[in-house]
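The chain contents come next:
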Amino acid sequence: MLIGDEKQMRALGARLISACDRGGVIALEGELGTGKTTLVRGALERAGVSGGVRSPTYTLVEYYPLDRFAVAHFDLYRLADAEELEYLGFRDYLNRDTLCLIEWPQRAAGCLRGVDLTVGLEYDPAGRRVTLDAQSSWGRKVISRL
């Protein structure tokens, strides 16, 4: 699918979180500036998070306890070594009650298992090209609800 601007990317994030009935792991892949954080902001705004949604570039994770499930927003761009995830308590977030939205998942190669859905974002002359790739039955269900 093609996303033309920031407003549409936020709308995709809103649709994505609305399609989630529980926690899971969604990997967000794309170069700098392709809209990964914008998509997460749209999702969290739809879920009722008010105020600014911060990018966890320096903290690596921001946690949002919500009504239906919690959201853990990871930005692994500054991760020096995938093993650092253990110090973050990464495994504690991997449960049906927490939706993990993970930017730069390739930085956790070898440690990140159980991805349900990958959202790929690429530059396109008309905006951003978005691809969705389900790796589990739950990921397929999320895609079918979009």
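The following paragraphs examine the structure supplied in this document. (Residues numbered from 1 in each chain as written. Predicted model: local features only at pLDDT ≥ 70, side-chain atom pairs only at ≥ 80, totals over all residues. Heavy atoms only, no water.)

All right, on to the sheet that holds strand 2 (residues 24–30) then. Spatially, 1-7-6-2-5-4-3 is the arrangement adopted by the seven strands of the open sheet, whose pairing is mixed. With one partner strand each, in any of the chains shown, strand 1 (2–3) and strand 3 (61–64) form the two edges of the open sheet. Direction of pairing for strand 3 relative to strand 4 (residues 70–75): antiparallel, over a ladder of four bridges. Along strand 4, the bridge assignment pairs Y63 with A72. On the sheet, helix 2 (residues 36–46) packs against strand 2, strand 3, strand 4, strand 5 (98–103) and strand 6 (117–124) and is oriented at approximately 145° with respect to strand 2. (Pairing = 2+ DSSP bridges. Helix = DSSP H or I, 4+ residues; strand = E, 2+ residues; numbered from the N terminus. Contact = heavy atoms within 4.5 Å. Axes fitted to C-alpha atoms, helices over the stretch in contact; angles between N-to-C directions.)

Further remarks concern the nonpolar core. Counting 26 residues, the largest nonpolar core has I26, V71, L99 and V119 as its most contacted members. For this core, the secondary structure elements donating two or more residues are helix 1 (6–18), strand 2, helix 2, strand 5, strand 6 and helix 5 (137–145). V119 has contacts with L16, I26, A27, L28, E29, L39, V130, T131 and L132, leaving out every residue within four places of it along the chain. With 17 residues, the next largest nonpolar core counts L85, W104, A108 and V115 among its residues. (Core = buried A, V, L, I, M, F, W, Y, C linked by side-chain atoms within 4.5 Å. Buried < 20%, exposed > 50% of the residue type's maximum accessible area, 1.4 Å probe, protein only.)

Within the fold, E62 resides in strand 3. Residue classification places E62 among the buried positions, given a relative accessible area of 12%. When near neighbours in sequence (up to four residues on either side) are disregarded, E62 contacts R54, P56, V71, A72 and H73.

So, on to the environment of L94. Along the chain, the position of L94 falls in the loop between helix 4 (90–93) and strand 5. The exposure class assigned to L94 is partly exposed, which follows from its relative accessible area of 34%. Put simply, L94 and V115 are 21 residues apart on the chain and 9.9 Å apart in space, counted from C-alpha to C-alpha. Once you skip the residues sitting within four places of it in the chain, L94 turns out to touch V25 and C100.

That's the geometry; what it means functionally is another story.
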